[in-house]
Amino acid sequence: MAVRPRVLGAHLLEMGAVTPGELEAALAEQAASGRRLGETLVARGTVTPARVADALGAQLGLERAPEPLEPDPAAVALVAPELARTHRLVPLRATPRLIHVAMADPLNLTACEDLRFQTGRRVEPLVATPGAVDEALARHFGVELDDLVRALPAGLQTADDGGRSELERATRAAPVVRLVDRLIRDAVEEGASDIHVEETGDEVRVRYRIDGLLRRAIHLPAGVRRAVLSRIKVMAGMDISVRRRAQDGGMRLEVAGRRLAFRVSTLPVNGGEKAVVRILDPDAAPRSLDGLGLGARDLATFRRLLARREGVILVAGPTGSGKSTTIFAALSELDREVLNLVTLEDPVEYRLPGANQIQVDPRAGLAFADALRAVLRQDPDVVMVGEIRDRETAEIAMAAAVTGHLVLSTIHTTDAPGAVTRLVNMGVPPYLVAGGLAGVVAQRLVRRVCPICRGHGCRSCPDGHRGRTGIFQILALTDPLRDAISRGEGTARIRHLAREAGMRSLAADARRALAAGLTTPHEITRLLQAAALNSRPCRRCEAAVPLDARACPACGRRQVRVCPCGRTLEAGWRYCPACVRPVAG
């Protein structure tokens, strides 16, 4: 039986802003989440906040406040900041008997009554989008996170002990809504990639991950933790009553004029829950490889691999090293008008115009391997696989490359030669790796020097760094490398042949970035320490010497004794065990 649309829904239908099917789906979701219809439609990406505001104005017979909101200073002076922030309203203009206010929720009769009592004037509400109201509050009332925390009512302190109905009411309480919205907006404005909400004893710690490092945003009273976490769950379409198992959800919001996607993950921890909100900007896909930080030689090598239009190109590195950004920068350089480009992602992070982007869902029976098989029947020229996680996906990708497709994917390894070994260890036949693999791009991210203060620290940066740049290592397959892979040679041999073919180390590229003034010595220290695990110090000059090297590349000192027949000699040997020559002292 069809659900009868509510009044707001009817107005949106008349405006042509939604279809009957979209309205039915939103009403069903609203019944489960408890959110308002307009909020639900915006979260689903069905309508914009502006269209909801227009429909709400038509429903209530109210004017729409023009944006951006520009309040009269005389009107602002009449309203206490605490009242404006608590009820989320912006006074626009006032007369001796009347005050006009912009409100995201003009149905909030309590707000109108409080404002009438404080100003002694009749209240005339106007409709505005939540984003416009928040922006005006921040500009004219200086709303701070600490102020929002202090505005939380004491009644929320009992939310932990109440039932589901009390918790649902707490998640819809204006102070909690404003606090969570502000946490999200501040994170976006500061360039955070993630928001961490976690319990630490008697308080709740909120941290933002900015440029790869977690930074404290604020501590919340322990009594409101469930209300705040539940508000995030409601926004992400998750079950607020489930606390003892992990949950995943998502939402789309317009923040600071940008349409953003958010992935939310919750996890039970000792004594409560933790939530992590990943912030994704689908429209921020890089337009080319130029802005990633590649050196001129590596950039030319990468573009040469792409120009071949066949083979597998892997981007390797740990989680959070920028692999997806590099993949999409490469895809952005391909001509999507003449190529059939298909992406398999979990989830879809960037929108790429002209590409066919597929959301992989293993729980629905559509894993990477199954989706890749199906895509190869769709006459693709280029296929992007979000991640190679298993032997089956790797084998299909390599087989597709052998038959003339260009395949780009990611893999978790510490360096480029290690990706070759990882594929073989997965069970992919060495001959298939040798034939299908075109190249590997290993990378890390380091923080950039702030362009304003050049590393000294200023108001634009906390410690002299702002933004990040990539450190790269590119391995392009050559015939000697393919032969070695086919023979099942180990990582050390692959690494040696790759260096002979021109591959540089991550440490060397880090020094290049440092010399170019892109980063600081502090940032490349960890890369140099990691490189030390694959080398040993020279006994003369202390430079890093590759483990398979016979002499120091810095000073030329011989590191090992070698017989004329080529056999490495160990200390104490009097004869070579290979050719039985006497060993010279």
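See the structure above.
Just so we're clear, the structure is a prediction, and the values are computed from it rather than from any experiment.

Caption draft 1: Structural context of the packing of helix α1 (residues 7-15) against helix α4 (residues 49-60). Their axes nearest at 9 Å, the elements α1 and α4 cross at an angle of 115°. Put simply, α1 runs roughly perpendicular to α4. Between α1 and α4 lies a crossing of right-handed hand. Residue-level contacts link Val7, Leu8, His11, Leu12 and Met15 of α1 to Arg51, Val52, Asp54, Ala55, Leu56, Ala58 and Gln59 of α4. Within the contact of α1 with α4, the residues separate by chemical class into eight nonpolar, two polar and two charged.

Caption draft 2: Here's a closer look at the side chain of Glu523. Position of Glu523 among the secondary structure elements: in helix α22 (residues 521-532). A polar contact of 2.8 Å, which involves the side chain of Glu523, links it to the backbone nitrogen of Arg447. What Glu523 contacts, discounting residues up to four positions off in sequence, is Val446, Arg447 and His465.

Caption draft 3: Geometry of empty space enclosed by the protein. In total, this model carries three cavities of 30 Å³ or more according to the counting rule given. By volume, the second largest cavity amounts to about 50 Å³. As for the second largest cavity, its lining consists of Val180, Leu183, Ile184, Ile195, Val197, Ile232 and Val277. For the lining of the second largest cavity, the secondary structure elements donating two or more residues are α11 (174-189) and β4 (194-200). Among the elements that line the lining of the second largest cavity, the one with the most residues is α11, at three residues. When the residues that make up the lining of the second largest cavity are grouped by side-chain class, the tally is seven nonpolar, no polar and no charged.

Caption draft 4: Fine view of the sheet that holds strand β7 (residues 247-255). An order of β6-β5-β4-β9-β8-β7 is seen for the six strands of this open sheet, with the pairing classed as antiparallel. A single partner strand is all that each edge strand has here, and the edge strands are β6 (213-221) and β7. With strand direction ignored, the average angle separating the axes of adjacent strands in the sheet is 20°. Relative to strand β9 (residues 272-280), strand β8 (residues 258-269) runs antiparallel, the two sharing nine bridges. Paired with Val269 across the two strands is Gly272, which belongs to β9.

Caption draft 5: Spatial organisation of the packing of aromatic side chains. Per the counting criterion, the structure on display carries one aromatic pair. Ring geometry for Phe328 and Tyr350: centres 5.1 Å apart, planes at 70°, overall edge-to-face. Note that Phe328 is positioned in helix α14 (residues 323-332) and Tyr350 in the loop between β11 (341-345) and β12 (356-359), a separation of 22 residues in sequence. Among the residues examined, Tyr350 registers a relative accessible area of 14% and is labelled buried.

Caption draft 6: Region of interest: the environment of Asp248. Position of Asp248 among the secondary structure elements: in strand β7. Taking the C-alpha atoms as reference points, Asp248 and Gly237, eleven residues apart in sequence, are found 9.0 Å from one another. Those residues in contact with Asp248, other than ones at most four positions away along the chain, are Met238, Val264 and Ser265.

Caption draft 7: The arrangement of the pattern of salt bridges in detail. Scanning all chains against the criterion turns up 30 salt bridges. The salt bridge involving Arg116 is made with Glu113; its shortest N-O contact spans 2.6 Å. Of the two residues, Arg116 and Glu113 both sit in helix α7 (residues 109-119), three residues apart, roughly one turn of that helix. Residue Arg487 is joined to Glu489 by a salt bridge in which the shortest nitrogen-to-oxygen separation is 3.4 Å. Since its relative accessible area comes to 32%, Glu489 is described here as partly exposed. When salt bridges that share partners are traced, they join Arg88, Asp134, Asp181, Arg185 and Glu189 into one network.

Caption draft 8: Spotlight on the pairing of β6. As paired elements, strand β5 (residues 203-210) and β6 share eight bridges and run antiparallel to each other. Opposite Val206, over in β6, you have Ile218 as the bridge partner. The loop that links β5 with its antiparallel partner β6 comprises two residues; one of these, Asp211, has a positive phi angle of about 55°.

Caption draft 9: The arrangement of unusual backbone geometry in detail. Looking along the chain, the bond that leaves Glu67 and enters Pro68 is cis, with omega of 0°. Within the fold, Pro68 resides in the loop between α4 and α5 (73-78). At the junction of Asp346 and Pro347, the peptide bond is cis and its omega measures out at 0° in the coordinates. Of note, Pro347 is situated in the loop between β11 and β12. Positive phi outside glycine occurs at Arg309, with the angle close to 60°.

About the criteria used
Residues numbered from 1 in each chain as written. Predicted model: local features only at pLDDT ≥ 70, side-chain atom pairs only at ≥ 80, totals over all residues. Heavy atoms only, no water. Axes fitted to C-alpha atoms, helices over the stretch in contact; angles between N-to-C directions. Helix = DSSP H or I, 4+ residues; strand = E, 2+ residues; numbered from the N terminus. Parallel < 35°, antiparallel > 145°, perpendicular 65-115°, else oblique. Left-handed = near helix turned anticlockwise from the far one by under 90°. Contact = heavy atoms within 4.5 Å. Nonpolar A, V, L, I, M, F, W, Y, C, P; charged D, E, K, R; others polar. Polar contact = N/O pair within 3.5 Å; in protein donor to acceptor, adjacent residues only side chain to side chain. 1 Å grid on protein atoms, 1.4 Å probe; cavity = no way out; pocket = protein on both sides within 12 Å on 5 of 7 lines; lining within 4 Å. Points joined across faces, edges and corners; volume = space filled by probe spheres on them. Pairing = 2+ DSSP bridges. Phe/Tyr/Trp six-rings, centres within 6.5 Å; stacked < 30°, edge-to-face > 60°. Buried < 20%, exposed > 50% of the residue type's maximum accessible area, 1.4 Å probe, protein only. Salt bridge = Lys/Arg side-chain N within 4 Å of Asp/Glu carboxyl O.

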